[in-house]
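Residues per chain, in single letters:
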Amino acid sequence: MRVEYSKGERASRGLIQLHRQASEAASGRKMKVMLVFPPDWYPSEPYLSLPSLTSVLRAAGHQVIQKDINLEMYDWYFSEDFLKRVLRRVPQQLDRLRKLSKKRELAEWERDVQLALCDLTREYIAELIKKAETAKHIVRSQEFYDADKLEWAINVFREVTGVISLVYAPARICMPPMETDLSYKVFVSSELLDAVQDIQVNVYRDVFEHLLKPAIEAERPDVIGISIVLQQQLFSTMTFCALIKQHFPNIHVTIGGNTVTRLRDVLPDKPELFALFDSAVVYEGETAFLQLVEAVGAGRELTSVPNVIYRDAMGIHMSPLSFAEDMASLPPPDFDGLPLEKYFLPERILPYLATRGCYWGRCEFCDHGEGYTAGYRTKKI
Ligand code: SF4
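What counts, and at which threshold
Residues numbered from 1 in each chain as written. Predicted model: local features only at pLDDT ≥ 70, side-chain atom pairs only at ≥ 80, totals over all residues. Heavy atoms only, no water. Pairing = 2+ DSSP bridges. Helix = DSSP H or I, 4+ residues; strand = E, 2+ residues; numbered from the N terminus. Polar contact = N/O pair within 3.5 Å; in protein donor to acceptor, adjacent residues only side chain to side chain. Contact = heavy atoms within 4.5 Å. Near = heavy atom within 4 Å. Nonpolar A, V, L, I, M, F, W, Y, C, P; charged D, E, K, R; others polar. Axes fitted to C-alpha atoms, helices over the stretch in contact; angles between N-to-C directions. Parallel < 35°, antiparallel > 145°, perpendicular 65-115°, else oblique. Left-handed = near helix turned anticlockwise from the far one by under 90°. Expected span 1.5 Å × (residues − 1). Buried < 20%, exposed > 50% of the residue type's maximum accessible area, 1.4 Å probe, protein only. Phe/Tyr/Trp six-rings, centres within 6.5 Å; stacked < 30°, edge-to-face > 60°. Patch = residues over 30% accessible without salt bridge, like charges linked within 9 Å, V, L, I, M, F, W, Y side chains within 5 Å. Areas by Shrake-Rupley, 256 points an atom, 1.4 Å probe, with all protein chains shown as cover. Salt bridge = Lys/Arg side-chain N within 4 Å of Asp/Glu carboxyl O. Core = buried A, V, L, I, M, F, W, Y, C linked by side-chain atoms within 4.5 Å. Domains from an automatic or database assignment.

S.K.: Where do I start with the pairing of strand β7 (residues 308–312) in this structure?
M.R.: Two faces make up the sheet, and in a regular strand the side chains alternate between them. When strand β6 (residues 279–281) meets β7, the two strands line up antiparallel, connected through three bridges. When the sheet's bridge partners are listed, V281 is paired in β7 with V308. Taken together, β7 and the strand that follows it, strand β8 (residues 315–318), pair antiparallel across an intervening segment of two residues.

Here it is, written out as structure tokens:
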């Protein structure tokens, strides 16, 4: 059995050009787009989706701000500012547990958290701040190659995330490995929505307030696109979407990426989840997202945009068109604007995708075709 790539009617390049010309004629307005990579992902190098979309949008004359919020979040976690916030949350957490203990007997894990919170003194946190800054320096410098120092730095990251977990309990913040658990099930939409509103465990609400909201206030983009690779990123993404809609209701919010593509049959049936954003781009995103941005700028219907699920006053709709990129004609990724010096590795790594689809396509267990609408294609290097 070959990998199945067909996903409905394929839009031709000529049709795409016609739609882009219609948007241009209706408005011609150049748009400001903010692209966001959400937590949690190991912050070793930029994820390729943002630079890939950026190059296509900039080539069409649109302004792009790239925000690797995942990287910024870890840089913030291991900083004086964040750890002092943790310290300020300690009395509030002890008070919460004390009140809870008057209503019912605390569970064993709650008593453990209570005891551990008592150990978070001003002196301990001051020492942890110094260790966290040193650990960041180690992973970003040649000291990374000293195995003992690297192990010490990784253990400091674990110690810090363990401490953060105490003030967001029962959430378990974890890095490395990337196994943060907000104590909700990610693929149950009602739990996802509950997690979004949970101010006790949802650390991403604070990440939004401190990192993303000020950036949006400063830039005032027309469109925000959030790229999701892992299922776990749905928690941070839906939190960001909900808070963007609360504070900036006029910004068009789009989600995309591999996880969104795999949820394409489920999303239209989840209006309560879809209410948090305006549209979703599935499969390959370059042409679809550019066309979406230009259609939003021109105030045109999104029905002609391929690879898109969108919401309007009438409900949630799926575009009948799909589009697969001609890789040879795509520009190289554009990393300008990303803080490359902040990634947690001593060497700079810039990812580059030279092929899409699979040349073989015959492995029975493989679901590679779920993410694409066309087979093997290559790009000149
Ligand atoms: S070679 Fe890899 S991508 Fe291709 S069908 Fe087999 S498992 Fe899937």
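Don't stop here, the text continues.
S.K.: Explain the side chain of S165 here, please?
M.R.: Along the chain, the position of S165 falls in helix α7 (residues 147–167). A polar contact is formed between the side chain of S165 and the backbone nitrogen of I173, at a distance of 2.8 Å. Sequence-distant contacts of S165, that is, excluding residues within four places in its chain, are made with A171, R172 and I173.

S.K.: Help me understand the site of the ligand, please; the structure alone is not making it clear to me.
M.R.: Near the ligand there are nine residues, and of these C358, G361, R362, C363 and C366 occur at the shortest range. Taken together, the residues that form the shell around the ligand break down as six nonpolar, two polar and one charged.

S.K.: Can you walk me through the sheet that holds strand β5 (residues 252–256) in this structure?
M.R.: Strand pairs in the sheet, formed through backbone hydrogen bonds, run parallel or antiparallel to each other. Strands sit in the order β3-β2-β4-β5-β6-β7-β8 across an open sheet of seven strands; the sheet is mixed. Single-partner strands in this sheet number two, and they are β3 (63–68) and β8. In this sheet, neighbouring strand axes are inclined to one another by 20 degrees on average, regardless of whether the strands run parallel or antiparallel. Two strands pair when backbone bridges link them, and β5 and β6 are joined in this way by three bridges, in the parallel orientation. Across the sheet, T254 pairs through a bridge with S279, a residue of β6. Strand contacts of helix α2 (residues 49–59): β2 (32–37), β3 and β4 (223–227), with the helix running at about 175 degrees to β3, the strand carrying the most contacts. Those strands touched by helix α3 (residues 69–77) are β2 and β3, and its axis lies near 40 degrees from that of β3.

S.K.: What's the story with the packing of helix α4 (residues 80–103) against helix α6 (residues 122–140) in this structure? I'm lost.
M.R.: Packed helix pairs are specified by the crossing angle of their axes together with the interaxial distance, meaning the distance between the axes. At a closest axis distance of 10 Å, the pairing of α4 and α6 adopts a crossing angle of 155 degrees. Taken together, the axis directions place α4 and α6 in an arrangement best described as roughly antiparallel. Where α4 crosses over α6, the handedness of that crossing is right-handed. Contacts between α4 and α6 pair E80, L83, K84 and L87 from the former with R122, I125, L128, I129, A132 and E133 from the latter. Split by residue class, the contact of α4 with α6 holds six nonpolar, no polar and four charged.

S.K.: What am I meant to see in helix α9 (residues 203–219) here?
M.R.: Residue pairs spaced three or four apart in an α-helix point in one direction, given the helix's 3.6 residues per turn. For α9, which comprises 17 residues, the first-to-last C-alpha distance of 24 Å matches the rise-based estimate of 24 Å (1.5 Å per residue) to within 8%. For α9, the complete set of buried residues consists of V203, Y204, R205, V207, F208, L211, L212, K213, A215 and I216. Backbone nitrogen of Y204 and a side-chain oxygen of the N-cap are separated by 2.9 Å at the start of α9; the cap is N202. Phi for R220, located one or two positions after α9, is positive at around 50 degrees.

S.K.: Looking at this structure, how should I read the packing of aromatic side chains?
M.R.: Aromatic ring pairs: the centre-centre distance and the angle between the two ring planes describe each pair. By the definition in use, this model includes 14 aromatic pairs. Considering the side-chain rings of Y74 and Y77, the 5.5 Å spacing of their centres and the 85 degrees angle between planes classify their relative orientation as edge-to-face. On the criterion of helical spacing, the pair formed by Y74 and Y77 is a turn pair, its members being three residues apart in helix α3. By relative accessible area, which is 0% here, Y74 ends up buried. Y77 gets classed as buried once you look at its relative accessible area, which sits at 1%.

S.K.: Help me out: how do you make sense of a nonpolar patch on the surface in this one?
M.R.: A cluster of nonpolar side chains, Y359, W360 and Y376, forms an exposed patch at the surface whose accessible area comes to about 400 Å². Looking at the element boundaries, Y376 is found in the loop between β10 (355–356) and β11 (377–378).

S.K.: Can you help me understand α6 in this one?
M.R.: Its 19 residues give α6 an end-to-end C-alpha distance of 27 Å, which sits within 8% of 27 Å, the value for a rise of 1.5 Å per residue. Within α6 the residues assigned to the buried category are I125, L128, I129, A132, A135, K136, I138 and V139. Buried positions along α6 lie against α3, α4 and α7.

S.K.: Whenever I open this one, the environment of F240 confuses me. Can you help?
M.R.: You can see F240 is positioned in helix α10 (residues 233–247). With 48 residues separating them along the chain, F240 and L192 place their C-alpha atoms 13 Å apart. Those residues in contact with F240, other than ones at most four positions away along the chain, are P38, P39, I69, Y204, V207, F208, L212 and I226.

S.K.: Help me understand the nonpolar core in this model?
M.R.: Nonpolar side chains tend toward joint burial in soluble globular proteins. Counting 87 residues, the largest nonpolar core has I244 and F277 as its most contacted members. Counting contributing residues per domain, this core is built from domain 1 (9–71 + 203–320 + 342–378) and domain 2 (75–197), each supplying no fewer than three. With 24 residues, the next largest nonpolar core counts M31, L35, V293 and A295 among its residues.

S.K.: Would you mind going over the environment of R356 with me for this structure?
M.R.: Considering the arrangement of structural elements, one finds R356 in strand β10. For R356, a relative accessible area of 9% translates into the label buried. Sequence separation between R356 and Y376 is 20 residues; the distance between their C-alpha atoms is 5.6 Å. Excluding residues that lie within four positions of it along the chain, R356 makes contacts with E284, E286, E325, M327, L330, Y372, G375, Y376 and R377. A polar side-chain atom of R356 sits 2.8 Å from a polar atom in the side chain of E284. A polar contact is formed between the side chain of R356 and the side chain of E286, at a distance of 2.6 Å.

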